[in-house]
Amino acid sequence: MADSARDATALAATHGIPEPTTLGTQLREILTLAHAFERRLGSHLSVNPTDLAAMEHLIEEGPLTPSDLATRLGISTAASTLVVDRLVSLGHVSRSPHPHDRRKIVVVPSPDSIVRAMSELVPVISSVNDVVASLDPEERETIERFLGRVADVYRSAVDAP
C-alpha cells in the first residue's frame with residue numbers, strides 16, 4: 001500500500017469512518033458518474049450547473065415565474081434574473097406573459113432545448129429502466145428497500161439542525 005493510501009486509511013480510522021464496502025464504493029461511483037453526466041449535459045447545452053438546474057425545473061414543471069425559479073434553485077430573485085437572461089440569450093428559454101396575472105411573466109423552455117436535453121437523457125433513462133426490468137421481483141424489492149433506507153439516511157442528514 002502506498003504511503004498516501006496508508007495515511008488516508010489511518011486518518012479514516014482515527015475519525016471512526018468505517019472501512020469501505022463494495023456497496024458503499026458503488027454508490028459513491030454512481031454519484032460521481034451522475035455528476036460527470038450532468039457536467040457533460042451542461043457542456044452539450046452550453047450552460048453552467050445553475051443554468052442546467054433551472055432548465056431541469058422548467059422541463060419537469062413547465063413554465064415558472066422568475067421568482068418561483070429562484071425559490072427552486074435556492075438563489076435570489078436578482079440571481080434568477082441573470083440565469084434567465086443567460087438562458088434567453090442561448091435560446092433555451094423565452095419570457096412570456098403569465099397566463100393569469102398580467103403583471104408577471106413566466107419563463108418557458110424552448111422545444112428545441114427540450115429535445116436537445118432529452119436526446120442526452122432518454123438513452124440513460126432507458127438503459128437504467130432496462131436494468132431494472134431485468135431484475136426478478138425479489139431482487140427489485142431488496143434493492144428498492146436498500147435504496148429507500150439510504151435515501152432516508154441522506155434525508156436525515158440534510159434535515160439535521
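What comes next concerns the included structure. (Residues numbered from 1 in each chain as written. Predicted model: local features only at pLDDT ≥ 70, side-chain atom pairs only at ≥ 80, totals over all residues. Heavy atoms only, no water.)

### Remarks on the overall build of the protein
To keep things clear, this is the line we draw: Each helix corresponds to a stretch of at least 4 residues labelled H or I by DSSP, and each strand to a stretch of at least 2 residues labelled E; elements are numbered beginning at the N terminus. Values of the radius of gyration come from C-alpha atoms, whereas the globule rule sets the reference at 2.2 Å times the count of residues to the power 0.38. Contacts: residue pairs with any heavy atoms within 4.5 Å of one another. What sets the accessible areas is the Shrake-Rupley method with a 1.4 Å probe; for residues, cover comes only from the shown protein chains. Note on charges: Lys and Arg go in the positive column, Asp and Glu in the negative column, and His and the chain ends are not counted at all. The location of each charge is read from NZ of Lys, CZ of Arg, CG of Asp or CD of Glu.
In terms of helices and strands, the protein carries 7 helices and 2 strands. Walking the protein from its N terminus toward its C terminus, one meets helices and strands in the order α-α-α-α-α-β-β-α-α. For 161 residues, the compact-globule formula gives about 15 Å, and the C-alpha radius of gyration of the protein, at 21 Å, lies well above that figure. The C-alpha extent of the protein, read off along each of the three principal axes, is 60 × 40 × 30 Å. In the protein, the proportion of contacts linking residues at least 24 apart, taken out of those at least 6 apart, comes to 44%. A total of about 11,400 Å² of accessible surface is found on the protein, and carbon and sulfur atoms cover 60% of it. A gap of 7 Å separates the mean positions of the 15 positive and 22 negative side-chain charges of the protein.

### Examining helix 5 (residues 77–89)
Note the following rule: Working rule for helices: expected span equals 1.5 Å times residues minus one. Exposure categories follow from relative accessible area, calculated using a 1.4 Å probe and restricted to protein chains: below 20% of the type maximum is buried, above 50% is exposed, and the middle band is partly exposed. What the arc measures is the spread of directions leading from the helix axis to the C-beta atoms.
Look at helix 5: 18 Å from first C-alpha to last across 13 residues, which is about the 18 Å you get at 1.5 Å a residue. Ser 80, Val 83, Val 84 and Leu 87 are the residues of helix 5 that are buried. Axial view of helix 5: buried residues confined to an arc of 95 degrees, hence all on one face. Of the exposed residues in helix 5, those oriented more than 90 degrees away from the buried face are Ala 78, Leu 82 and Ser 89. At its buried positions, helix 5 is contacted by helix 3 (49–61), helix 4 (66–73), strand 1 (93–97) and strand 2 (105–109). One or two residues past the end of helix 5 sits Gly 91, with phi positive at roughly 80 degrees.

### Some words on the packing of helix 3 against helix 4
Going by this rule: Under this scheme, a helix contributes an axis fitted over its contacting stretch, all axes are lines through C-alpha atoms, and angles between N-to-C directions fall in the 0 to 180 degree range. Put simply, a crossing is left-handed when the front helix is turned counterclockwise from the back one by less than a right angle, and right-handed when it is turned clockwise. Three categories are distinguished: nonpolar for Ala, Val, Leu, Ile, Met, Phe, Trp, Tyr, Cys and Pro, charged for Asp, Glu, Lys and Arg, and polar for the others, with Gly belonging to the last.
Two numbers describe how helix 3 lies on helix 4: the axes approach to 10 Å, and their chain directions differ by 115 degrees. Crossing angle aside, the handedness with which helix 3 passes helix 4 is right-handed. In this structure, helix 3 uses Thr 50, Ala 53, Ala 54, His 57, Leu 58 and Glu 61 to contact helix 4, whose residues at the interface are Leu 69, Arg 72 and Leu 73. Here the residues of the contact of helix 3 with helix 4 are counted per class, giving 5 nonpolar, 2 polar and 2 charged.

### With respect to the environment of Ser 96
Topologically, Ser 96 is positioned in strand 1. When the C-alpha positions of Ser 96 and Val 106 are compared, they lie 5.4 Å apart, and in sequence the two are 10 residues distant. Residue contacts for Ser 96: discarding those within four places in its chain leaves Ile 105, Val 106 and Val 108.

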